[in-house]
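Overview (structure and organization)
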Amino acid sequence: MTRSCGSCSECCSALGVHELNKEMFVPCRYQIQSEQGGCGVYDKRPTSCREFSCVWLDGNFEEQHRPDRIGFVLATADLYEDLVILIAYPSRPDALQTEESKTLLNLVAQQIPICIFHPNGRRQMLIAEDQRHLLPRIQLGLEARAVVDENGELRRLPLVPEADR
Ligand code: SF4
Ligand code: SF4
């Protein structure tokens, strides 16, 4: 399924961008503030922006689950070769309170653990009962690769708040 971001630019607010020294949940200074949205430096945007695509853009879920409509971005984080989780970045305080959001997250969490990065720095795991034994590895993995990938390169995802490192 081929999708495009359209007028969504949720990840430009919700995720950190190390090249721009942009923290999570701070709107990027290059976001175009109009209904169409978009990036004001599109041709010169940082590598981490070029390489990023959210789970919805990769063709998952329904059309109405586009991040700006549902209020949170879901992104994959490869913690280890054999352990991938999702990270949810809610962009609105009430985004995770709707029945639609709860249903979607709980369904997905039956398949793959989800770590919610709340804007106040709190983290919350959604994980199936039979996967709870993975929690210590997930915690270590999140800490170990908070800002550095397997090649020692800084990455866009996930940038963890100072207090959590
Ligand atoms: S959150 Fe997903 S759909 Fe929205 S702009 Fe980012 S990559 Fe595109
Ligand atoms: S540089 Fe462009 S693509 Fe990257 S976060 Fe900012 S607005 Fe988004």
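Summary of the structure given here. (Residues numbered from 1 in each chain as written. Chains lettered and ligands numbered in written order. Predicted model: local features only at pLDDT ≥ 70, side-chain atom pairs only at ≥ 80, totals over all residues.)

So, on to the sheet that holds strand β3 (residues 114–117). What the 4 strands build is an open sheet, ordered β1-β2-β3-β4; its pairing is mixed. Two strands bound the open sheet, and with one partner strand each, they are β1 (72–80) and β4 (123–126). In this sheet, neighbouring strand axes are inclined to one another by 25° on average, regardless of whether the strands run parallel or antiparallel. Inspection of the sheet shows strand β2 (residues 83–90) paired to β3 by 3 bridges, in the parallel sense. By the bridge assignment for β3, Ile87 is matched with Cys115. In this fold helix α4 (residues 99–109) packs onto β1, β2, β3 and β4, with an angle of close to 140° to the strand it touches most, β3. Where helix α5 (residues 135–144) meets the sheet, it contacts β1, β2, β3 and β4, and its direction lies at approximately 95° from that of β1. (Pairing = 2+ DSSP bridges. Helix = DSSP H or I, 4+ residues; strand = E, 2+ residues; numbered from the N terminus. Axes fitted to C-alpha atoms, helices over the stretch in contact; angles between N-to-C directions. Contact = placed C-beta atoms within 7 Å.)

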